[in-house]
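Descriptive analysis of the structure
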Amino acid sequence: MSQALIPFDLRDTLRQMVAVLQEERQALAGLDLDGIMGSASAKSAMCDAIDMAGISAIDDECRGLLEAAKKMNEVNRQVRNLIAANVAARLEAFTGGSAVYRARANAPAYAYAAARG
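Throughout what follows, the structure given in this document is the object of discussion. All figures in this text were calculated on a predicted structure; none of them were measured in a lab.

Conventions adopted
Residues numbered from 1 in each chain as written. Predicted model: local features only at pLDDT ≥ 70, side-chain atom pairs only at ≥ 80, totals over all residues. Heavy atoms only, no water. Helix = DSSP H or I, 4+ residues; strand = E, 2+ residues; numbered from the N terminus. Expected span 1.5 Å × (residues − 1). Buried < 20%, exposed > 50% of the residue type's maximum accessible area, 1.4 Å probe, protein only. Polar contact = N/O pair within 3.5 Å; in protein donor to acceptor, adjacent residues only side chain to side chain. Salt bridge = Lys/Arg side-chain N within 4 Å of Asp/Glu carboxyl O. Core = buried A, V, L, I, M, F, W, Y, C linked by side-chain atoms within 4.5 Å. Contact = heavy atoms within 4.5 Å.

Describing helix α3 (residues 60-95)
With 36 residues, α3 should reach 52 Å at 1.5 Å per residue; the first-to-last C-alpha distance of 52 Å fits that figure. When α3 is considered as a whole, its buried residues turn out to be Cys-62, Leu-65, Ala-69, Met-72 and Asn-76. At the N-terminal boundary of α3, the capping side chain belongs to Asp-59, with an oxygen 3.3 Å from the backbone nitrogen of Glu-61.

See below:
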């Protein structure tokens, strides 16, 4: 049987989440795959703990920590997307263009089925 986190535990978990998000940002900046994956795992575990807390455990300090974590996570998401776009652009340049994986991109979906038939 799961027990809801008391406000102090929730605050501690949220502080840990903010720290993990800061570590994730550093891992993203250094392109440290192990650090990025470790942060993702830690964030997932903390989200599970936060879910158990329930709305009644959220006080003003927790709301502030939640907002800070939300903003940091959004920035980290944007950085991850920029890195992914950069990698995609480099792969396209390396392969000589985007035609390698976008062949027939303008064809409707039913054209693929007809071509296989």
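Having put the structure on the table, let's press on.
Digging into the pattern of salt bridges
Applying the stated criterion across every chain yields a total of 7 salt bridges. We note a salt bridge from Asp-60 to Arg-63, for which the minimum N-O separation is 3.8 Å. Of this pair, Asp-60 and Arg-63 are both found in helix α3, 3 residues apart, which corresponds to roughly one turn of the helix. Owing to a relative accessible area of 65%, Asp-60 belongs among the exposed residues under this scheme. Given a relative accessible area of 48%, Arg-63 falls into the partly exposed group. When the shortest N-O distance is used, the salt bridge between Glu-74 and Arg-77 registers 2.5 Å.

A look at the nonpolar core
The nonpolar side chains of a soluble globular protein tend to be buried with one another. Of all hydrophobic cores here, the largest spans 13 residues; its most connected members are Leu-10, Leu-14, Met-17, Val-18, Leu-21, Ile-50 and Ala-69. Of all the secondary-structure elements, those providing two or more residues to this core are α1 (7-29), α2 (33-53) and α3. With 6 residues, the top contributor of residues to this core is α1. Residues in contact with Leu-14, not counting those within four places in the same chain, are Ile-50, Cys-62, Leu-65 and Leu-66.

Some details on the environment of Met-52
Its place among the elements puts Met-52 in helix α2. When its relative accessible area of 38% is taken as the criterion, Met-52 is described as partly exposed. Each C-alpha atom of the pair Met-52 and Leu-10 lies 9.3 Å from the other, and the pair is 42 residues apart in sequence.

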